[in-house]
Amino acid sequence: MSSVVASLPALLRRRPSWLSPKVARTEILGGLVVALALIPEAISFSIIAGVDPRIGLGASFTMAVVISIVGGRAAMISAATGAIALVVAPLAREHGLGYLVATVILGGLIQIVLGSLGVAKLMRFVPRSVMVGFVNALAILIFLAQVPELIDVPWPVYPLFAAGLVVMVLFPKLTKVIPAPLVAIVALTALTIAAGIAVPTVGDKGALPSSLPVPGVPDVPFTLDTLKLIAPYALAFALVGLMESLMTAKLVDDITDTPSNKTREAIGQGIANVVTGIFGGMGGCAMIGQTMINVRTAGARTRLSTFLAGTFLMILCLVFGPVVSDIPMAALVAVMVLVAFGTFDWHSVAPPTLKRMPAGEITVMVVTVAIVVATSNLAIGVVVGSITAMVIFARRVARLVEVTAATDPDGTQVVYAVTGELFFASSNELVSQFDYANDPDTVIIDLTGAHIWDASTVAALDAVTAKYAGRGKTVEIVGLDADSARRHGKLSGELAGSH
């Protein structure tokens, strides 16, 4: 008995942080606010995908609950998203819900495979300028998504919207115990119901679920033709979902100053999508806007908030459906507009920052923002932005290569000192840096200040050697570091015709 008592302090020290009353309160309230914000978003994305709103709401429930357990980033929200809706919309429209569900399951399996193969490690190749552009584009997309809710609507929407912003700005000055967005949503809902103000509500977006989703098998023929049809959509689904989720995880890492397991997150996204597909959902990935509400606005930091966001979503729909249906859209729009404002990295576009920032970095950021806003696809913007950054980096590094020649006083040999990083972009011009006709019979190429990175450089050096040999002159390459010597020794003479 005494040993059990002695072990209690150790057990208490190991208990999850969310068991603390203060943390639990933050997580519970954060989950509730996110759940309220998820409902109209999930309905809207269902409409984009061309499916019943209950399909999107069911998917948001299963995604959030499952990812809270198997995901690699605490406090991040995953649910039905616009990017996923855009990917699956053509398939759902042309072939029906059964094929969409089959695509979600196959896409989830592909995500599990890609996660297991270490695709998450590729995130380290995403430059900071792309990350900043990603965040700013996200903020713009969140804001633009709210604009339709403020056009051609009854005039009371505007004062309600303004009141919601005022409450969320001023209420935190009084107390931060209760999230300001929750206060704004409750207050504006109570006001519109009590005063009988007729404005667009959540209920106008679509019907809420009346029962929990149930598991089943996709209603499709299990044939090779079906696989050929859904495979391209499933691959696009998997890549877009992973890109958005891993980028969001990295963003939350930066905001919370805590690490996440990107490989676990990638595999977890796959598991969540497989489960969601089995329950007839439209699939999903990380939701950046709702994650920002949870992490930045509500201050949540644990898996409990993610789990409760999904749980509260279904409870609100099943138990409090009539009340939730009466929430004015103006309140939720105000919440999302403030989230957009808080998400945008204003420091990145401040004149002093732009003056100090290299032109290439600014170009990458602008390209990323432009592509994302133009396509409404964060994944495409990140890929294009990263490629742009790599091209600019390659051009910049290529210019840093220098070749200087020093001929011995007796004129018997010349030493070419090469400095810089030698790879395809810089070594392509290397061949033209030598005076083949006028150099003496002995040529030494000193690579002490250089490094060979690829086969293109070895081929270029072979071409230089061959040009001198054609004139009866000998070339000696010296100063190779261990890695360069190994690469040169392995490839030299084996690349004929590659230059």
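Above this text sits the structure in question.
Residues numbered from 1 in each chain as written. Predicted model: local features only at pLDDT ≥ 70, side-chain atom pairs only at ≥ 80, totals over all residues. Heavy atoms only, no water.

Concerning the pairing of strand E3 (residues 402–407)
As a general feature of sheets, a regular strand has side chains that alternate between the two faces. Inspection of the sheet shows E3 paired to strand E4 (residues 413–422) by six bridges, in the antiparallel sense. Considered in E4, the bridge of Thr407 is made with Val414. Remark: five residues form the turn of the hairpin made by E3 and E4, two consecutive strands paired antiparallel; Gly411 in that turn has positive phi of roughly 75°. (Pairing = 2+ DSSP bridges. Helix = DSSP H or I, 4+ residues; strand = E, 2+ residues; numbered from the N terminus.)

Brief notes about the nonpolar core
The nonpolar side chains of a soluble globular protein tend to be buried, and buried together. Ile39, Leu57, Phe134, Met282, Ile293 and Leu313 are the most contacted members of the largest nonpolar core, which totals 97 residues. Excluding residues that lie within four positions of it along the chain, Ile39 makes contacts with Leu57, Val202, Leu208, Leu313, Leu316, Cys317 and Val324. Counting 22 residues, the second-largest nonpolar core is a separate cluster that includes Tyr416, Ala459, Ala460 and Leu461. (Core = buried A, V, L, I, M, F, W, Y, C linked by side-chain atoms within 4.5 Å. Buried < 20%, exposed > 50% of the residue type's maximum accessible area, 1.4 Å probe, protein only. Contact = heavy atoms within 4.5 Å.)

Overview of the packing of helix H9 (residues 224–256) against helix H10 (residues 262–278)
Direction vectors running N to C along H9 and H10 enclose 135°, while the axes themselves pass 10 Å from each other. Put simply, H9 runs oblique to H10. As H9 packs across H10, the resulting crossing turns out to be right-handed. Contacts between H9 and H10 involve Phe237, Leu242, Ser245, Leu246, Ala249, Lys250 and Asp253 on the former and, on the latter, Lys262, Glu265, Ala266, Gln269 and Asn273. Taken together, the residues that form the contact of H9 with H10 break down as five nonpolar, three polar and four charged. (Axes fitted to C-alpha atoms, helices over the stretch in contact; angles between N-to-C directions. Parallel < 35°, antiparallel > 145°, perpendicular 65-115°, else oblique. Left-handed = near helix turned anticlockwise from the far one by under 90°. Nonpolar A, V, L, I, M, F, W, Y, C, P; charged D, E, K, R; others polar.)

Side note on the layout of surface pockets
The calculated volume of the largest pocket comes to roughly 700 Å³. Contributing to the lining of the largest pocket are 31 residues, with Glu41, Phe45, Gly82, Leu141 and Ala145 lying nearest its centre. Looking at the lining of the largest pocket, the elements that each hand over two or more residues are helix H2 (21–49), helix H4 (82–95), helix H6 (128–146), helix H11 (288–297) and helix H14 (329–343). With six residues, the top contributor of residues to the lining of the largest pocket is H2. Residues that form the lining of the largest pocket fall into these classes: 19 nonpolar, eight polar and four charged. (1 Å grid on protein atoms, 1.4 Å probe; cavity = no way out; pocket = protein on both sides within 12 Å on 5 of 7 lines; lining within 4 Å. Points joined across faces, edges and corners; volume = space filled by probe spheres on them.)

Nothing here speaks to function; it is geometry throughout.
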